[in-house]
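Topology and contacts: notes
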2 protein chains.
Amino acid sequence: MKQSPGYVPGEQLDGASIIKLNTNENPYPPAPEIADVLQGFDAARLRVYPAPNAAQFRTIASDLHNVPADQVIATNGGDELLRLAIATFVEPGASIGLCTPTYSLYEVLAWLHGASTVDAPLNDDWTLNADTVSIWQNAGARLGFVVNPQAPSGHLIPTSELSAIATAFDGVLVIDEAYVDFVDPSLHYDAVTLCREHDNILLLRTLSKGYSLAGLRFGYGLGSSAVVTPMQTKTKDSYNTDAIAQALACAALGAQDYASDTWARVRRDRDQLAKRLTTLGFACEPSETNFLLVRAPERASAKELYECLRQNNILVRYFDAPRLSDCLRITIGTEAQNDELIRALETLLSG
Amino acid sequence: MKQSPGYVPGEQLDGASIIKLNTNENPYPPAPEIADVLQGFDAARLRVYPAPNAAQFRTIASDLHNVPADQVIATNGGDELLRLAIATFVEPGASIGLCTPTYSLYEVLAWLHGASTVDAPLNDDWTLNADTVSIWQNAGARLGFVVNPQAPSGHLIPTSELSAIATAFDGVLVIDEAYVDFVDPSLHYDAVTLCREHDNILLLRTLSKGYSLAGLRFGYGLGSSAVVTPMQTKTKDSYNTDAIAQALACAALGAQDYASDTWARVRRDRDQLAKRLTTLGFACEPSETNFLLVRAPERASAKELYECLRQNNILVRYFDAPRLSDCLRITIGTEAQNDELIRALETLLSG
């Protein structure tokens, strides 16, 4: 058996008493319309194969984003889109560009495909390395991954920087927008426009975070036909998304007002939580996501805080990795959950 | 973009007037218990990630097949299990053994992984080539695929032959049992016992056919820990099956009496249909699946029959491929659908 770099997903503990602030789920339930569609779904429809390319969902996404439907691909969670991008655009043995530290699954997927990775380390302030493209090009990278807003820092990269990368890079640039729904609308961030200007950009979207549907496994990609068509027609499993998931995903995109309201609440609580953590001595990175990357106060160890919170049934994320070992990544919860977190930290830091 | 061998799935046409006998769905609806679980599913559960390894489903499958739960892996349809087996056990550049003609997706998945394939052609009577293992071994194959009961012939390979292959083969033998539910129980076919005797066997099961859940995308694998654990812990996407699919799959395996009844009805109608097609001049291969591979009467062209049936809103499968171009593959439908097919063929053949 081959040895893998080993992706470690966040813990999924059961129990109503657990406060889960470790895997960046939306703290609010899915839209009522989704429950309605689920209730009304006729089980007899499951007898036959689902629509192989999720045509109805793609039409709705096409309308929402104002792109042609053939520039949308539906996938079994965003993770499948990442895998498809690698399988489609990277020959085994070739290289994949990263901006590190980043989502650790990229490296695992590269390894599974027999591809290598090349790192363009983020600057100390988590901004993009100015040499990102040259580092990628020198390694012959065929694909590059940028998370935006970034994980784990939460920073938002301006579209001008992404556009410059796409222009200079000979390969396909994947912009992983898993957290884009939580960006402050007043910033007018919009990377979909980049797909019209560059035929080598693939945007990743997911319903897991913004639409409160992590349990459903539904993501999608947006990009030029040059990028989307080969994944749609050649690489993906014939029936990659199931009939129920397709129906609920359509309902989710249709319930924009409900979803937008949850995003606004998360943004409001994110700012509140950042202030309170700063007061406790944490250094908070500015975040346009539904989580905060915070550096522990000098008098405390991030790892010990993580472990003590866990004993108090509060799960946050700790990365035992370079540049992150003194940090915690904390998902924005409900107001009550955030209050409990702050209370627990106050006790731990005064203890 | 790389050039693919191109998997062409069966057509999925909409419309109540279409008689779909082309993609081997079960003609009967899923068990009532499945509709009940779907109705009772709380949409709020979708907010959080699903159980990453489908623990509850694996426990139920473990009880059903009398194997330890850690020897079961749940997948997003059987197709995902095929892909995982290749990704786990075949280095890019290495070879994969086939028994041709066979399920055309194997070759596509091999190509996507950068692996080659080596063919052990089936004998003229569709039995296994006696040199299968030596052909595979000489090419250095690390994985071999056998469909049983076979597609597209419908024949059942005895477990003694599969056991002999597993013993002689240095790689992993995947036995694709997509159609196993339709095997006559009086034959006492049971390949699960082989998993206990050979640590290099992986059995593929799917809920798409036997359990009338093609729309759900749920399959699973059974095998030794040596085979299952690496796929479970290293290769598969972290959350490959969604929360609803897991719940419905549990209900499906729990409703054995209902499912078994549909299998018995399919077997009864399969035998009836074979007799009627034989009367019309077709040569029917003996089938232990829910389809029949039939050779067209000498006075007719299989391709023309396929096209004329299609004009009559009856879809069957035609393969424009060596050894199959004078054949049709016909899914066993309901009694009424089978009657319509026979009536249409009578008209076409007398015309």
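Residues numbered from 1 in each chain as written. Chains lettered and ligands numbered in written order. Predicted model: local features only at pLDDT ≥ 70, side-chain atom pairs only at ≥ 80, totals over all residues. Heavy atoms only, no water.

Moving on, we come to the overall build of chain A. Helices and strands together make up the secondary structure of chain A, namely twelve helices and twelve strands. Computed over the C-alpha atoms, the radius of gyration of chain A is 20 Å, within 12% of the 20 Å expected from 2.2 N^0.38 for a compact globule of 351 residues. Taken over the C-alpha atoms alone, chain A extends approximately 60 × 55 × 50 Å along its principal axes. Expressed as a percentage of its 351 residues, the buried residues of chain A come to 60%. Taking all contacts inside chain A whose residues are at least 6 apart in sequence as the whole, residues at least 24 apart take part in 74%. On chain A, roughly 13,000 Å² of surface is accessible, and the fraction owed to carbon and sulfur atoms is 48%. Chain A carries 27 positive and 42 negative side-chain charges, and their two centres are separated by 4 Å. (Helix = DSSP H or I, 4+ residues; strand = E, 2+ residues; numbered from the N terminus. Rg over C-alpha atoms; globule rule 2.2 N^0.38 Å. Buried < 20%, exposed > 50% of the residue type's maximum accessible area, 1.4 Å probe, protein only. Contact = heavy atoms within 4.5 Å. Areas by Shrake-Rupley, 256 points an atom, 1.4 Å probe, with all protein chains shown as cover. Lys, Arg positive; Asp, Glu negative; His and termini not counted. Charge placed at Lys NZ, Arg CZ, Asp CG, Glu CD.)

Now for the relation of the copies chain A and chain B. Each copy of the sequence occupies a distinct position, and chain A is placed on chain B by a rotation of 180 degrees and an axial shift of 0.0 Å, giving an RMSD of 0.0 Å. The transformation relating the two chain copies, once decomposed into turn and shift, fits a two-fold axis. Among all C-alpha atoms of chain A, that of Q39 of chain A lies closest to the rotation axis, at 2.7 Å. Of the interface residues in chain A, 100% have counterparts in chain B that sit at the interface too, so the contact is made through matching surfaces. (Least-squares fit on C-alpha atoms with pLDDT ≥ 70 in both.)

All names here are of chain A. Every buried residue of helix α6 (residues 159-168) is accounted for by L162, S163, I165 and A166. Looking straight down α6, one finds that the buried residues subtend no more than 160 degrees of arc, so they occupy a single side. Residues of α6 that are exposed and point over 90 degrees away from its buried face: S160 and T167. (Arc of directions from axis to C-beta.)

Before going further, it helps to spend a moment on the interface of chain A and chain B. In this complex, chain A contributes 58 residues to the contact, which on the side of chain B involves 59 residues. Our count for the contact surface shared by chain A and chain B stands at zero salt bridges. Counting the contacts that link chain A with chain B gives 21 residue pairs in polar contact (both at pLDDT 80 or more). Those elements that place two or more of their residues in the side of chain A that touches chain B are α1 (32-40), α3 (77-89), α4 (105-112), α8 (225-235) and α9 (243-254) of chain A. (Salt bridge = Lys/Arg side-chain N within 4 Å of Asp/Glu carboxyl O. Polar contact = N/O pair within 3.5 Å; in protein donor to acceptor, adjacent residues only side chain to side chain.)

Residues and elements named next belong to chain B. Inspection of the sheet shows strand β3 (residues 95-98) paired to strand β4 (residues 116-119) by four bridges, in the parallel sense. Its bridge partner being in β4, L98 is matched across the sheet by D119. For the crossover from β3 across helix α4 (residues 105-112) to β4, the handedness is right-handed. (Pairing = 2+ DSSP bridges. Right-handed = clockwise from strand over helix to strand, strands pointing away.)

For the rest of this paragraph, the subject is the sheet that holds strand β8 (residues 219-223) of chain B. All names here are of chain B. Taken together, the seven strands give an open sheet; going across it, the order is β2-β8-β7-β6-β5-β3-β4, and neighbouring strands pair in mixed fashion. A strand with exactly one partner marks an edge of an open sheet, and here the two such strands are β2 (72-75) and β4. Strand-to-strand, the axes of this sheet are offset by a mean angle of 25 degrees, without reference to chain direction. Most of the contacts of helix α8 (residues 225-235) go to β2, to which it runs at about 40 degrees, and overall it touches β2, β6 (172-176), β7 (201-206) and β8. (Axes fitted to C-alpha atoms, helices over the stretch in contact; angles between N-to-C directions.)

Before going further, it helps to spend a moment on the pattern of salt bridges. All names here are of chain A. The final tally for this structure, using the stated rule, is 18 salt bridges over all chains. E25 is the partner of K20 in a salt bridge, and the nearest nitrogen-oxygen pair spans 3.1 Å. Residue K20 shares its accessibility class with E25, and that shared class is buried. Salt bridges here are not isolated pairs; linked through shared partners, they connect R268, D269 and E335.

What follows concerns the packing of aromatic side chains. Scanning the model with the defined rule gives 18 aromatic pairs over all chains in all. Each ring, one from F57 of chain A and one from Y220 of chain A, has its centre 5.2 Å from the other, and the planes form 70 degrees; the classification is edge-to-face. Note that F57 of chain A is positioned in helix α2 (residues 55-65) and Y220 of chain A in strand β8 (residues 219-223), a separation of 163 residues in sequence. Each member of the pair, F57 of chain A as well as Y220 of chain A, carries the same accessibility label: buried. For the ring pair F57 of chain B and F218 of chain B, a centre distance of 4.7 Å and an interplane angle of 65 degrees mean the geometry is edge-to-face. Separated by 161 residues along the polypeptide, F57 of chain B in helix α2 (residues 55-65) and F218 of chain B in the loop between β7 and β8 bring together distant segments of the chain. Exposure class is identical for F57 of chain B and F218 of chain B. Each is buried. In this structure, R265 of chain A is placed above the aromatic ring of Y28 of chain A, and the distance from its NZ or CZ to the ring centre is 4.0 Å. Against the face of F291 of chain B rests R329 of chain B, its NZ or CZ located 5.6 Å from the ring centre. (Phe/Tyr/Trp six-rings, centres within 6.5 Å; stacked < 30°, edge-to-face > 60°. Lys NZ or Arg CZ within 6 Å of the ring centre and 35° of its normal.)

Residue and element names in this part refer to chain A. Strand order across the open sheet formed by seven strands is β2-β8-β7-β6-β5-β3-β4, with mixed pairing between neighbours. The sheet is open, and its two edges are formed by β2 (72-75) and β4 (116-119), each paired on a single side. Neighbouring strand axes in the sheet, compared pairwise and without regard to direction, differ in orientation by 25 degrees on average. Pairing between β2 and β8: four bridges, direction antiparallel.

Turning to the environment of D237 of chain A, a few remarks are in order. Within the fold, D237 of chain A resides in the loop between α8 and α9. Considering only alpha carbons, one finds D237 of chain A and P52 of chain A, 185 residues apart in sequence, at a separation of 8.8 Å.

Turning to unusual backbone geometry, a few remarks are in order. Across the junction of T100 of chain B and P101 of chain B, the peptide omega takes the value 0 degrees, indicating a cis bond. Relative to the helices and strands, P101 of chain B is located in the loop between β3 and α4. A positive phi angle is found at N24 of chain A, which is not glycine, with a value near 60 degrees. According to the relative accessible area criterion, N24 of chain A is buried, its value standing at 0%. Here the phi dihedral of S212 of chain B falls at roughly 60 degrees; this positive angle occurs in a residue that is not glycine. By the element assignment, S212 of chain B lies in the loop between β7 and β8.

Residues and elements named next belong to chain A. On the secondary structure map, R58 appears in helix α2. Look at R58: it is buried, it has no salt bridge, and the nearest opposite charge is D70 at 6.2 Å. Only 2.8 Å separates the side chain of R58 from the backbone oxygen of V72, close enough to count as a polar contact. With near-sequence residues (within four places) excluded, R58 lies in contact with N53, A69, D70, V72 and Q232.

The description of two packed helices rests on the angle between their axes and on the distance between the axes. All names here are of chain B. Across the interface, helix α10 (residues 256-279) lies against helix α12 (residues 335-350) with an axial gap of 11 Å and an inter-helix angle of 10 degrees. On the basis of the axis angle, α10 is roughly parallel to α12. Of the residues in α12, those touching α10 at R268, D269, L273, R276 and L277 are E335, N338, D339, L341, I342 and L345. Residues belonging to the contact of α10 with α12 are distributed by class as follows: five nonpolar, one polar and five charged. (Parallel < 35°, antiparallel > 145°, perpendicular 65-115°, else oblique. Nonpolar A, V, L, I, M, F, W, Y, C, P; charged D, E, K, R; others polar.)

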